[in-house]
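Okay, here's what each chain looks like letter by letter:
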Amino acid sequence: EMEAKYTRKMQALRDEMDLRRKTEIHELEERKNTQISELMGNHEGAFGAIKNYYSDITAKNLTLINLLKEQVEDLKKKEAALEKEKADVLRENKGLTEPLQEAQELVAELQKKLVHYYRDKEALMNSKAHLKITQKELKDLQWEHEVLEQRFSKVQEERDDLYQKFTRAINEVQQKTGFKNLLLERKLQGLLTLLEQKEVELSEVVAASNLEPSALSLVSHKLEDVLNSKNATIQDLQLQLARVCKAHNDMLQTFEAKLTAFGIPLDNLGFQPLSFPFPGQ
């Protein structure tokens, strides 16, 4: 029974191993067939590419050979024609022996003329090239001239507009500056008058009070402080007035420079620079 049992197991194991072996063999054959198919496909593709490459080279070589054959035939025809022409020339040369000296002299003269001809031809080619360059420069200059005319028209319009704007601005600035100068001058004149009145009043007070020297010194110091403050105010007003005059003159100079740049005469400008109210400012 044990022998029969192990015989059955052995047979089952043998059957299983046979089945596994057949399966592995089948898989190996499939992989082998797949690799063979891939290799055959690759080899066929490479063979087709090489075949096409050499076919193209062969076709090009055949075309080149045919072309060279045609050229050789043309050269043979030209050679035959030249041989025929050479024979004709030789026959003509036999008949031209007598005027050979005249022909040689004529050839020498013609050679000299040929040298001059080449020089004249080269000079003519240079002249033509220079003429083309000059024509191109002329076209470029014409185009630039048209562009500049358009820009000139536009600049003229801008100049007229700018002139009108500057005229209005200068009138407004002159009016404002004149009004401000008048106010500053009146204010300064009022302060000077007030200062003179205060100095007169102070003199009268000092003369009438008969103060002691110490009190008089204290009052004098206070008075000097007040006078220094008023003088600082006066100098500040003078500086403001000078700044206004300078701003007016600077704007007038700028306006004149713009008018000069645009070619507008300054005869009828109608504006004059303001003089500074105090020397040295």
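Residues numbered from 1 in each chain as written. Predicted model: local features only at pLDDT ≥ 70, side-chain atom pairs only at ≥ 80, totals over all residues. Heavy atoms only, no water.

**Some words on the overall build of the protein chain**
Across its full length, the protein chain carries three helices and zero strands. When its helices and strands are written in sequence order, the protein chain yields α-α-α. Going through the 281 residues of the protein chain one by one, you find that 7% of them count as buried. Contacts in the protein chain between residues at least 24 apart in sequence constitute 80% of all its contacts with a sequence separation of at least 6. (Helix = DSSP H or I, 4+ residues; strand = E, 2+ residues; numbered from the N terminus. Buried < 20%, exposed > 50% of the residue type's maximum accessible area, 1.4 Å probe, protein only. Contact = heavy atoms within 4.5 Å.)

**Quick notes on the confidence of the model for the protein chain**
In this model, the protein chain carries an average pLDDT of 78, and 78% of its residues clear a pLDDT of 70 or more. Taking the mean pLDDT of every element in the protein chain, the minimum, 72, falls on helix H3 (residues 213–261) and the maximum, 89, on helix H1 (residues 2–95). (pLDDT = per-residue confidence, 0-100.)

**Section: the packing of aromatic side chains**
In the structure shown here, the tally under the stated rule is two aromatic pairs. Ring centres of Tyr53 and Tyr54 lie 5.3 Å apart, and the angle between their planes is 75°; this geometry places the pair in the edge-to-face category. Taken together, a centroid distance of 5.8 Å and an interplanar angle of 50° make the contact between Tyr117 and Tyr118 tilted. Residue classification places Tyr117 among the partly exposed residues on the basis of a relative accessible area of 46%. (Phe/Tyr/Trp six-rings, centres within 6.5 Å; stacked < 30°, edge-to-face > 60°.)

**Section: a nonpolar patch on the surface**
Together, Met10, Leu13 and Met17 make up an exposed nonpolar region whose accessible area comes to about 280 Å². As for its position among the elements, Met17 is in helix H1. (Patch = residues over 30% accessible without salt bridge, like charges linked within 9 Å, V, L, I, M, F, W, Y side chains within 5 Å. Areas by Shrake-Rupley, 256 points an atom, 1.4 Å probe, with all protein chains shown as cover. Salt bridge = Lys/Arg side-chain N within 4 Å of Asp/Glu carboxyl O.)

**A few points about a negative patch on the surface**
Judged by side-chain charge, Glu24, Glu27, Glu29 and Glu30 come together as a negatively charged surface patch. Assignment of secondary structure puts Glu24 in helix H1. (Lys, Arg positive; Asp, Glu negative; His and termini not counted. Charge placed at Lys NZ, Arg CZ, Asp CG, Glu CD.)

**With respect to the pattern of salt bridges**
Summed over the entire model, instances satisfying the criterion amount to five salt bridges. Measuring nitrogen to oxygen at the nearest pair gives 2.0 Å for the salt bridge that ties Arg91 to Asp88. Of this pair, Arg91 and Asp88 both sit in helix H1, three residues apart, which is roughly one turn of that helix. You can call Arg91 exposed: its relative accessible area is 54%. Among the salt bridges present, the one from Lys113 reaches Glu109, with a minimum N-O distance of 3.8 Å. Of this pair, Lys113 and Glu109 both sit in helix H2 (residues 100–209), four residues apart, which is roughly one turn of the helix.

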